[in-house]
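Residue-level structural notes
For reference, the chains in residue letters:
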Amino acid sequence: MTEAKKEGKNEGFEPNIVAFCCNWCSYAGADLAGVSRFQYPPNIRVIRVMCSGRVDPSFIMKALKNGADGVIVTGCHIGDCHYISGNEYTKERFERLHSIIIKQLGVNPKRVRLEWVSASEGKRFAEVITEFTNDIKKLGPFKR
Amino acid sequence: MIIITEIEKKKDSKDIVNDIDSYLSKIYDPNLRNLLRKCYQCGTCSGVCQLSKVQKFTPSRIIEMILEGFENRVIESGVLWDCIMCNSCLQNCPEDVNFADLVRMAKYKMRNIEDQNPEEYIAHKGIYTTLSEIMSESNLQPERTLDWVPKECKITESGKIMYYVGCLPFFKFEFENIDSIATSTLKLICQIEKEPIVVLKEESCCGHDLYWGQGKFEPFIELAKKNLKMFENAGISTIITACAECYRTLKVDYSNLFEDFDKKFEVQHIIEYIYNSWKENKIEFKNPEQTSEPIQFTFHDPCRLSRFLPKSNNIIHKVREIFNHLEKIGYKFNEMEHSKENSLCCGVSSWMNCNERSKALRYKRLSEAKAAGTKVVTSCPKCIMHLSCLKDDFEEFGSMEILDFSEFLVNLVNVIDGNEKKEEEK
Ligand code: SF4
Ligand code: SF4
């Protein structure tokens, strides 16, 4: 059975999740979530990047290889990028990564996600992370 | 660079349970001097070294240092990451000292030196080699898309003849149309064979780049074991590949790992396959659009076919026999200035060291090719990617066409079937 189809109960499993957050929107959003005391699971490790466009697809693959169970990349909403069009490149690259690499590798596509979170959306940040963590928990560890 | 994380530790303990160590001893000898004892310091290798043309690099001196007991200094300096693994030195060495093999083993040692960062040397930020490593995970099964398979071809999951695609569908991430190599190869095989061809969705990488490029032998062994199991399950006896690197790995390196690999499976390169079919009178070459003016073309020998195979393998002569025959159908084959065993390197192997120096080597190669003809045929997907990348940067090469052997031949092959022959006899 391929990895993509394996789902089930993984009780007590605490996933490692790497979250790339862009400095101008999502990182500030995460900050806001913290300041406003919205609860979200502590499984994520945030890596601050200047723009979601800085996240090379190879970073995502390396994170998975080195033990992450899921990778989430967050950036400003389309049109709001601090560098005008950085996130548009990210979006394009992500679509390619999903359709060509993730799919053919047999990795469950749910493990890698792209989300837009703005600086004022602290609540949304907490929601996105909670949802993603629950998804990964259901999928179980990437390496067995 | 060592990252000691919990996962890394877990992995180590798993390896001890595995039989990795016994496999490792077959491809790795910790005493580097054993490989070099025959060297008598004639210096030929430093003279022919392709890298020495663009930077200071003297293999004979490195050998001397290791022989005199300064192995640690060599390993610590990290100088061996620069070698482009073209094997020109072995080709010219009077004593058959295998320097590239030494570099491969030294890389395994260099990985563990604290202040060296091999990641710096990996091209494309290491995405493709990371993929190979992920594929070596035992619980992961690739699910390749087969959208490149031409409609008229029948494929199956078990049978006698397999087409081993290699990583082409993954390279599509950055190189559009690279899978047309796979399409043309499969088209050629399907035309000649009556039975459906095995093309597997769950095919893994052969591990060549981990083995030669980064000295990551453990994932290489895992990949090899995975592939062997896959071949056995599909019940195949012949493996055909269109990739020079896969060919060398399956033919030589897998046989080193598994004793009976070469007895169980016959590995053929598409060049050999076409050559054999031609000699057995299964096919002939025809050109539907023959013009009076012959089309000039040339062949770039990939290092994995010209210098990395046992001396008895004459695949580079077979391909020339085919090409010279094409003169009858309106093609004129020209040799480049450096050809066969002496051919120049495309500059990058195993996704390592793509930099201004390797670009200089590539420029040299493409200039030679331009002098010999507008069409350049080669038989290694990586050579195609590297040369095309340079071609796009320079206007002067704009008119050139870089093709794979199978792409070049796909419309020139005509299958002779039994019925036709009988009619001719009447
Ligand atoms: S060519 Fe061979 S014998 Fe001569 S110096 Fe180089 S390794 Fe030694
Ligand atoms: S393998 Fe090639 S680059 Fe490396 S030392 Fe030999 S000739 Fe030079």
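The structure reproduced in this document is the subject of the present report. These figures come from a predicted structure and were not determined experimentally.

**Focus on the side chain of T238 of chain B**
Relative to the elements of secondary structure, T238 of chain B occurs in strand β4 (residues 238-241). With residues up to four places along the chain from it excluded, the contact list for T238 of chain B reads K160, I161, M162, E266 and Q268 of chain B.

**Things to note about the sheet that holds strand β1 (residues 17-22) of chain A**
Two modes of strand pairing occur in sheets, parallel and antiparallel, and in both the strands are linked by backbone hydrogen bonds. Residue and element names in this part refer to chain A. Ordered in space as β2-β1-β3-β4, the four strands form an open sheet in which the pairing is parallel. Looking at the sheet topology across the chains shown, the edges are occupied by β2 (44-49) and β4 (112-116). Going from strand to strand, the sheet's axes swing by 20° on average, the running direction of each strand aside. For strand β3 (residues 70-75) and β4, the ladder comprises five bridges, and the chain directions are parallel.

**What about the interface of chain A and chain B?**
Reports of interface size often rely on the accessible area that becomes lost once the parts have come together. Of the residues lining the interface, 28 residues belong to chain A; the matching set on chain B comes to 26 residues. Interface of chain A and chain B: buried area, both sides summed, is about 2,500 Å²; carbon and sulfur atoms make up 60% of it. In this assembly, chain A and chain B are joined by five salt bridges. We note a salt bridge from R96 of chain A to E176 of chain B, for which the minimum N-O separation is 3.2 Å. Applying the counting criterion to the chain A and chain B interface returns 10 residue pairs in polar contact (both at pLDDT 80 or more). The element contributing the most residues to the side of chain A that touches chain B is helix α3 (residues 86-105) of chain A, with eight residues. Here the side of chain A that touches chain B is composed, by residue class, of 11 nonpolar, seven polar and 10 charged.

**Examining the packing of aromatic side chains**
All names here are of chain B. Under the defined criterion, the tally for this structure stands at 37 aromatic pairs over all chains. Taking 6.1 Å as the distance between ring centres and 70° as the angle between the ring planes, the aromatic pair formed by Y275 and W278 counts as edge-to-face. You can see Y275 and its partner W278 sitting in helix α16 (residues 270-279), three residues apart, about one turn around the helix. Relative accessible area serves as the criterion here: at 12%, Y275 is assigned to the buried category. Overall, W278 belongs to the buried group, its relative accessible area being 13%. It is R104 that lies over the ring of W212; its NZ or CZ is 5.6 Å from the centre. For R304, the ring lying beneath its charged end belongs to F308, and the centroid distance is 4.2 Å.

Definitions and limits used
- Residues numbered from 1 in each chain as written.
- Chains lettered and ligands numbered in written order.
- Predicted model: local features only at pLDDT ≥ 70, side-chain atom pairs only at ≥ 80, totals over all residues.
- Heavy atoms only, no water.
- Helix = DSSP H or I, 4+ residues; strand = E, 2+ residues; numbered from the N terminus.
- Contact = heavy atoms within 4.5 Å.
- Pairing = 2+ DSSP bridges.
- Axes fitted to C-alpha atoms, helices over the stretch in contact; angles between N-to-C directions.
- Buried area = accessible area lost by both parts, 1.4 Å probe.
- Salt bridge = Lys/Arg side-chain N within 4 Å of Asp/Glu carboxyl O.
- Polar contact = N/O pair within 3.5 Å; in protein donor to acceptor, adjacent residues only side chain to side chain.
- Nonpolar A, V, L, I, M, F, W, Y, C, P; charged D, E, K, R; others polar.
- Phe/Tyr/Trp six-rings, centres within 6.5 Å; stacked < 30°, edge-to-face > 60°.
- Buried < 20%, exposed > 50% of the residue type's maximum accessible area, 1.4 Å probe, protein only.
- Lys NZ or Arg CZ within 6 Å of the ring centre and 35° of its normal.

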